[in-house]
Each structure stands twice: as C-alpha cells, then as structure tokens.
Amino acid sequence: DAGDVSLILLSKSVDENGNELGFYNHSRFDFETLLQDPNNIEENIKNGKNLKKIFKPGVVYRASSLSASGKYAFASFASTVYVWDTSTWENVYIWERIDGDVYSIAINETEKIAALGGKNGKINIYSVPDGKKIKTLQAGNEIVSSLDFAVNSDLLISGGYDKTARVWNVSNGTIVKEFSRHND
C-alpha cells in the first residue's frame, strides 16, 4: 500500500501519446525504486495503483527517459544504464561502464540514438537498443544534468552545472549554438 508512505520523484518522462513514466524513491525503504506504469502517475501514486517495482539492492536510479513511442524505458545508476521493454517490463539490455556516471538521458524520436550526460561533462551517444557507443561530445567539465532531442531533427540540447546550454548537431558532433550565464 503506497497510501501511507511518501514517494520522492527522481525523474519523470512523457512519451508522444502523453503516457508518463516516473522513477521514485520509497520513503520507508532505502534504495527501493518504483517504476510507474505509463498512466496517470499522480492519481495512481495517491491510490497506490499500477506500480511496477524494480528492485536492485543498493540501487537508486539517477536519470530516466521514456522513448517517444513508449516502447523502451531507460534508467541510470552510476555508470550503468538499464533498458526495459515496456510491453513486458523485462530488462532487455544493460549498458555497463559508461564513461562517467550518467546524470541525464535523452532518446531521439526515431528511437535509434540515446544521449547520456555524465558527471565529467561528457555526452556519450549510443545506438538503441544494442548500446554501442557511437561518439562522445564534450560539454565542459561538470555534470550534464539535462538533455533533450529536437523533434524531427538531429539537434540535441544539453544543460549542466557549468551554467551553459549547448545545441549540438549530433551527426557531426559540433556545437550549433551556446548560451552561457556566469555569475563570477
């Protein structure tokens, strides 16, 4: 029963049909994370319905993303990314030893490319679903906390602890535009 405990939202994602995916910490149990089936998260959490438990001792997922069609769910723990097939909720892939702990995840609209933002300023680009590394983009030296792909485009925007947002052309690995705000 989730009604008498608080769940802390770690990450939330929405697919093209409006289905929601959220990764939560359970307040009563350390390191227990609940994956919400793609329905009305807030109402289901309130009523304790439609919760899919993904329990790995010692694991708290840091970032998550839902593919545009809702076919795949992604979540990161340290330098590992887990990929689930949402029709069965089976863990279909585990991408290990990503260069730098993963703090943000974005999947492009074609569901063929994943961008993984690290604590070392790196954005690792991987093929989906096999998890083969394609290239690395360097976005400063601090945590890349936010990533998102443009619709119908090869553009990726990144934001991080260095107070800089960058728009990338993923195909050629170049920065299209950079926005910086420094309070020195």
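Structure shown above.
Computed from a predicted structure; not experimentally measured.

The next subject is the sheet that holds strand S12 (residues 133-138). Taken together, the four strands give an open sheet; going across it, the order is S9-S10-S11-S12, and neighbouring strands pair in antiparallel fashion. Looking at strand neighbours, the two that pair on one side only are strand S9 (102-107) and S12, the edges of this open sheet. The mean angle between the axes of side-by-side strands here comes to 20°, regardless of whether they run parallel or antiparallel. Pairing of strand S11 (residues 122-127) with S12 involves five bridges; the strand directions are antiparallel. Residue pairing in the sheet places Asn124 in a bridge with Thr136 of S12.

Counted according to the given criterion, the structure contains four aromatic pairs. Taking the centre distance of 5.7 Å and the plane angle of 15° together, the rings of Trp95 and Tyr126 count as stacked. Taken together, the residues span a long stretch of sequence, with Trp95 in strand S8 (residues 90-95) and Tyr126 in strand S11 at a distance of 31 residues. Owing to a relative accessible area of 3%, Trp95 belongs among the buried residues under this scheme. Looking at Tyr126, the relative accessible area reads 6%, which means it is buried.

Tracing the backbone through its elements, the reader meets Pro129 in the loop between S11 and S12. By relative accessible area, which is 22% here, Pro129 ends up partly exposed. Separated by 45 residues in sequence, Pro129 and Trp84 place their C-alpha atoms 9.8 Å apart. Aside from chain neighbours lying at most four places away, what touches Pro129 is Tyr72, Tyr93 and Trp95.

Rules of the game
Residues numbered from 1 in each chain as written. Predicted model: local features only at pLDDT ≥ 70, side-chain atom pairs only at ≥ 80, totals over all residues. Heavy atoms only, no water. Pairing = 2+ DSSP bridges. Helix = DSSP H or I, 4+ residues; strand = E, 2+ residues; numbered from the N terminus. Axes fitted to C-alpha atoms, helices over the stretch in contact; angles between N-to-C directions. Phe/Tyr/Trp six-rings, centres within 6.5 Å; stacked < 30°, edge-to-face > 60°. Buried < 20%, exposed > 50% of the residue type's maximum accessible area, 1.4 Å probe, protein only. Contact = heavy atoms within 4.5 Å.

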